[in-house]
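If you want the building blocks of each chain, they are given just below.
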Amino acid sequence: MSDDFQAEIRFLGMESSPAFVRAPEGNGCAEWFIRTLKENLLWVNPVGTIEELRLALLEFKDLYNNHWLIERHGNKTPAQVRKEQLMSTQRAA
């Protein structure tokens with residue numbers, strides 16, 4: 001199965017990138033975020049309805065993007081990092 005996958009990657013003109021020790025593989029970042037979401041929202045604030053969940057997720061999204069300082073981003077919020085990346089891309093264009 002791996003040989004088929006590697007052949008497909010070559011066929012599509014992509015380059016395979018190996019996983020490094022202690023680095024998340026594939027969807028590791030998504031799994032980390034889901035765990036964070038569960039620990040900081042769902043387990044702390046149980047919701048009763050889908051609408052309450054929707055509103056809680058919107059509030060969490062704002063809190064995470066605009067107020068959480070992420071160490072791997074140099075203690076900046078995700079919104080700050082996104083803005084800096086956008087500005088550097090615009091300067092390069």
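In this report, the structure presented in the accompanying data block is examined. (Residues numbered from 1 in each chain as written. Predicted model: local features only at pLDDT ≥ 70, side-chain atom pairs only at ≥ 80, totals over all residues. Heavy atoms only, no water.)

Quick notes on the overall build of the protein chain
A tally of regular secondary structure across the protein chain gives four helices and zero strands. Overall, the protein chain shows an N-to-C arrangement of helices and strands of α-α-α-α. Of all 93 residues assigned to the protein chain, the portion counted as buried reaches 14%. Long-range contacts, defined as pairs at least 24 residues apart, comprise 18% of the intrachain contacts of the protein chain with a sequence gap of at least 6. About 8200 Å² of surface is accessible on the protein chain, with carbon and sulfur atoms providing 57% of the total. (Helix = DSSP H or I, 4+ residues; strand = E, 2+ residues; numbered from the N terminus. Buried < 20%, exposed > 50% of the residue type's maximum accessible area, 1.4 Å probe, protein only. Contact = heavy atoms within 4.5 Å. Areas by Shrake-Rupley, 256 points an atom, 1.4 Å probe, with all protein chains shown as cover.)

As for a nonpolar patch on the surface
Together, Phe11, Leu12 and Met14 give the surface a local cluster of nonpolar side chains, amounting to about 380 Å² of exposed area. By secondary structure assignment, the location of Phe11 is in helix 1 (residues 2–11). (Patch = residues over 30% accessible without salt bridge, like charges linked within 9 Å, V, L, I, M, F, W, Y side chains within 5 Å. Salt bridge = Lys/Arg side-chain N within 4 Å of Asp/Glu carboxyl O.)

Let's talk about helix 2 (residues 28–42)
In this model helix 2 runs 20 Å from its N-terminal to its C-terminal C-alpha over 15 residues, within 8% of the 21 Å that 1.5 Å per residue would give. Within helix 2, burial applies to Gly28, Thr36, Leu37 and Leu41. Turning to helix 2, the residues buried within the fold contact helix 3 (50–67). (Expected span 1.5 Å × (residues − 1).)

Focus on the side chain of Asn65
Counting through the fold element by element, Asn65 comes out in helix 3. In this structure Asn65 touches Thr77, Pro78, Ala79 and Arg82, once residues within four positions along its chain are discounted.

What about the side chain of Thr36?
Tracing the backbone shows Thr36 in helix 2. If sequence neighbours within four positions are ignored, Thr36 has contacts with Leu41, Phe60 and Trp68.

Topic: the nonpolar core
Counting residues in hydrophobic clusters, the biggest one holds six residues: Leu37, Leu41, Ala56, Phe60, Tyr64 and Ile70. Listed by contribution, the elements that provide at least two residues to this core are helix 2 and helix 3. The element best represented in this core is helix 3, accounting for three residues. (Core = buried A, V, L, I, M, F, W, Y, C linked by side-chain atoms within 4.5 Å.)

Considerations on the environment of Asn40
Considering the arrangement of structural elements, one finds Asn40 in helix 2. Classification of Asn40 by relative accessible area gives partly exposed; the value is 39%. Sequence spacing of Asn40 and Phe60 is 20 residues, and the spatial spacing of their C-alpha atoms is 8.7 Å. In this structure Asn40 touches Phe60 and Trp68, once residues within four positions along its chain are discounted.

Focus on the pattern of salt bridges
Under the criterion given, the structure shown has three salt bridges. Where Glu39 meets Arg35, a salt bridge forms, and the shortest distance between an N and an O atom there is 3.5 Å. With a gap of four residues between them, Glu39 and Arg35 both fall in helix 2, about one helical turn apart. Take Glu39: its relative accessible area is 36%, and that puts it in the partly exposed class.

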